[in-house]
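Understanding the architecture of this molecule
The lines below spell out each chain.
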Amino acid sequence: MAENRTATGILTSVDGQTTGRVKVQLEDFTDDFGITTPLATVEFFDLVTPYDHLTPGGALAPRGDDPCFDTGGRSGGGMITPDENGFATATMPAADSGHFLHEIVLHLDWTQIDAETEACMQPVVARAPLTWAE
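Residues numbered from 1 in each chain as written. Predicted model: local features only at pLDDT ≥ 70, side-chain atom pairs only at ≥ 80, totals over all residues. Heavy atoms only, no water.

**Quick look at the sheet that holds strand 5 (residues 74-76)**
Sheet architecture is open: four strands sit in the order 5-4-9-10, paired in antiparallel fashion. In this open sheet, the two edge strands, each paired with only one partner strand, are strand 5 and strand 10 (124-129). For this sheet, the mean angle separating the axes of adjacent strands, direction not counted, is 25 degrees. Strand direction decides the pairing type here: strand 9 (residues 103-107) and strand 10, joined by five bridges, are antiparallel. The residue bridging L106 from the neighbouring strand is A126, located in strand 10. (Pairing = 2+ DSSP bridges. Helix = DSSP H or I, 4+ residues; strand = E, 2+ residues; numbered from the N terminus. Axes fitted to C-alpha atoms, helices over the stretch in contact; angles between N-to-C directions.)

**Notes on the nonpolar core**
V24, F44, L101 and I104 are the most contacted members of the largest nonpolar core, which has 27 residues in total. Among the elements that make up this core, the one with the highest residue count is strand 3 (residues 36-48) (four residues). Discounting residues that sit within four places of it in the chain, F44 has contacts with L11, R21, V22, P56, I80, G86, F87, A88, T89, A90, I104 and L106. (Core = buried A, V, L, I, M, F, W, Y, C linked by side-chain atoms within 4.5 Å. Buried < 20%, exposed > 50% of the residue type's maximum accessible area, 1.4 Å probe, protein only. Contact = heavy atoms within 4.5 Å.)

Okay, structure coming up:
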């Protein structure tokens with residue numbers, strides 16, 4: 001997968017309220033110890049959602065229709081708030097322990113849920129399985 005440097009995906013949500021497209025661009029990042037790892041810049045286009053902010057994450061293995069982003073191989077990309085055109089951007093690690101970015105997941109964070117009633121701490125709002133360029 002390391003030779004494939006760009007990917008795209010379509011965001012879908014179970015309730016249909018969050019939609020859009022994603023584009024992922026990889027670049028190599030070398031840390032202070034000389035270790036090089038792929039870093040993903042994720043661009044969100046035409047993002048429509050009822051939420052004022054969302055947390056993007058990267059699933060490092062297939063998750064199926066798991067409604068929670070609480071466990072498993074994953075990376076994180078901070079928080080996004082789409083602009084008036086539905087554009088947002090995030091940066092996240094693209095690999096860990098031999099696993100590589102499989103899909104982009106948008107989820108709620110702890111400030112947006114009622115921990116006493118939610119089944120998980122990071123409910124999935126939408127996901128975009130990635131198609132890597134040849």
